[in-house]
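Results of the structural survey
Spelled out, the chains give:
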Amino acid sequence: MNIDLSRRGFLRLAGAGAAATTLGAMGFGQAEAQVAAHVRSFKLATTTETRNICTYCSVACGIIMYSNGDLNAGEKAELIHIEGDADHPTNRGTLCPKGSALKSYVNAETRLTHPRYRAPGSDRFEEISWDEAFDKIARAIKDDRDANLIETDDKGTPVNRLTTTGFLAASATTNETAWATWKVVRSLGIVGFDNQARV
Ligand code: SF4
């Protein structure tokens, strides 16, 4: 029989099996049942697990987010715990102090959850929808590219450079996301491309 078991799952199963075997071998078969009846249920047992990447630096550690709330029933997810992902090749379950405090950041009242836009000449930011933000960004890039793309250099050699739009990307992503971002930015001809980790 093949069992698809993660490293984390294996450790959990092995720990439970060892405890039960030890008690049984010591002749505590009945006591084991009584003890088990008083054991509190594991607080993460009924939560939803979501895999994600820590957003704080270019190490991009894998995390598991545990939340209560049935989204299918229209409930809102309530994040109750975050820990390092033991199956993630980058961090193998470990987190630095910033990563360990992620739950506080996520639940912070001051956290921005929507894009904000400051209109030309305005002295304040206003909240806008993600769709509106994407439309504004796409429109601005298209207009700038139409007006300023440098197609050839002085000798007539094709260069397709766009030097008037820059792009700042996040480094805390997967290789695949970084690859897709690179392709989009370079295919537009954008030369000024960077991220907070300079990688
Ligand atoms: S847990 Fe720490 S080291 Fe890992 S990505 Fe987050 S900030 Fe970087």
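Throughout this description, residue numbers start from 1 for each chain and increase along the sequence as written. Totals for whole chains, interfaces and linings use all residues, but because this is a predicted model, local features are given only for residues with pLDDT of at least 70 and pairs of side-chain atoms are given and counted only at 80 or more.

For the chain, an unreviewed UniProt entry supplies the name Formate dehydrogenase (Quinone-dependent) catalytic subunit and the organism Paracoccus alcaliphilus. Turning to the chain, the UniProt annotation filed under Subcellular location (unreviewed entry) states: "Cell envelope". UniProt positions are given in the numbering used here, feature names are shortened, and annotations may be inferred rather than shown by experiment. For the record of the chain, the UniProt heading Cofactor (unreviewed entry) holds the text "[4Fe-4S] cluster".

This part is about the site of the ligand. Contacts to the ligand come from Cys54, Tyr56, Cys57, Val59, Ala60, Cys61, Asn91, Leu95, Cys96, Lys98 and Gly99. Each residue gets one label: Ala, Val, Leu, Ile, Met, Phe, Trp, Tyr, Cys and Pro are nonpolar, Asp, Glu, Lys and Arg are charged, and the others, such as Gly, are polar. Split by residue class, the shell around the ligand holds eight nonpolar, two polar and one charged. What makes a residue near a molecule or strand is its C-beta atom, placed from the backbone, lying within 6 Å of it.

Turning next to helix H5 (residues 130–148). For the purposes of this entry, the term helix denotes a DSSP run of H or I that reaches at least four residues, the term strand denotes a run of E that reaches at least two, and both are numbered from the N terminus. Expected span of a helix: the number of residues minus one, times 1.5 Å. In a regular helix each residue adds 1.5 Å, so 19 residues correspond to 27 Å; H5 covers 27 Å between its end C-alpha atoms and thus fits that length. Put simply, a residue is buried when 20 or more other C-beta atoms lie within 10 Å of its own C-beta and exposed when 12 or fewer do; between those, it is partly exposed, and each C-beta is set from the backbone. Of all 19 residues in H5, zero are buried; the element is thus mostly exposed.

Joined through C-beta atoms within 7 Å, a set of buried Ala, Val, Leu, Ile, Met, Phe, Trp, Tyr and Cys residues constitutes a nonpolar core. The biggest cluster of nonpolar side chains holds ten residues, and these are Cys54, Ala60, Cys61, Ile63, Ile64, Met65, Ile82, Leu95, Leu102 and Ala172. Sort the elements by how many residues they give to this core and strand S2 (residues 62–68) lands first, with three residues. Placing a C-beta atom from the backbone of each residue, one calls two residues in contact when those atoms lie within 7 Å. Apart from residues lying up to four places away in sequence, Ile82 is in contact with Ile63, Met65, Leu102 and Lys103.

In this structure, Arg92 is a non-glycine residue whose phi angle is positive, near 50°. Structurally, Arg92 is set in the loop between strand S3 (78–84) and helix H3 (97–100). One non-glycine residue with positive phi stands out, namely Asn160, at about 45°. Turning to its location among the elements, Asn160 is positioned in strand S7 (residues 158–169). According to the C-beta neighbour criterion, Asn160 is partly exposed, with 13 such atoms within 10 Å.

Any two strands with at least two DSSP bridges between them are considered paired. Ordered by their spatial adjacency, three strands build an open sheet running S6-S7-S8, and the pairing between neighbours is mixed. A single partner strand is all that each edge strand has here, and the edge strands are strand S6 (150–152) and strand S8 (190–195). Across the sheet, the mean angle from the axis of one strand to that of its neighbour is 25°, orientation sign disregarded. Two strands pair when backbone bridges link them, and S6 and S7 are joined in this way by two bridges, in the antiparallel orientation. Within the sheet, the bridge partner assigned to Thr152 lies in S7 and is Pro158. In this description, a line fitted to the C-alpha atoms serves as the axis of each element, helices being fitted only across the stretch in contact, and the angle between N-to-C directions of two axes falls anywhere from 0 to 180 degrees.

In this section: the environment of Phe167. Mapped onto the elements of the fold, Phe167 is located in strand S7. With 18 residues separating them along the chain, Phe167 and Val185 place their C-alpha atoms 7.4 Å apart. Those residues within four positions of Phe167 in sequence are excluded, and the remaining contacts are Val185, Ile190, Gly192 and Phe193.

Right, let's get into helix H6 (residues 175–187). Over its 13 residues, H6 extends 18 Å from the first C-alpha to the last, a length consistent with the 18 Å expected when each residue adds 1.5 Å. Once H6 finishes, Gly189 follows within two positions and takes phi at roughly 90°, a positive value.

This part takes up the sheet that holds S2. Here three strands make up an open sheet; going across it, the order is S1-S2-S3 and the pairing antiparallel. Looking at strand neighbours, the two that pair on one side only are strand S1 (48–53) and S3, the edges of this open sheet. Strand-to-strand twist of the sheet, defined as the mean angle between neighbouring strand axes without regard to direction, takes the value 30°. Across six bridges, S2 lies against S3 in antiparallel orientation.

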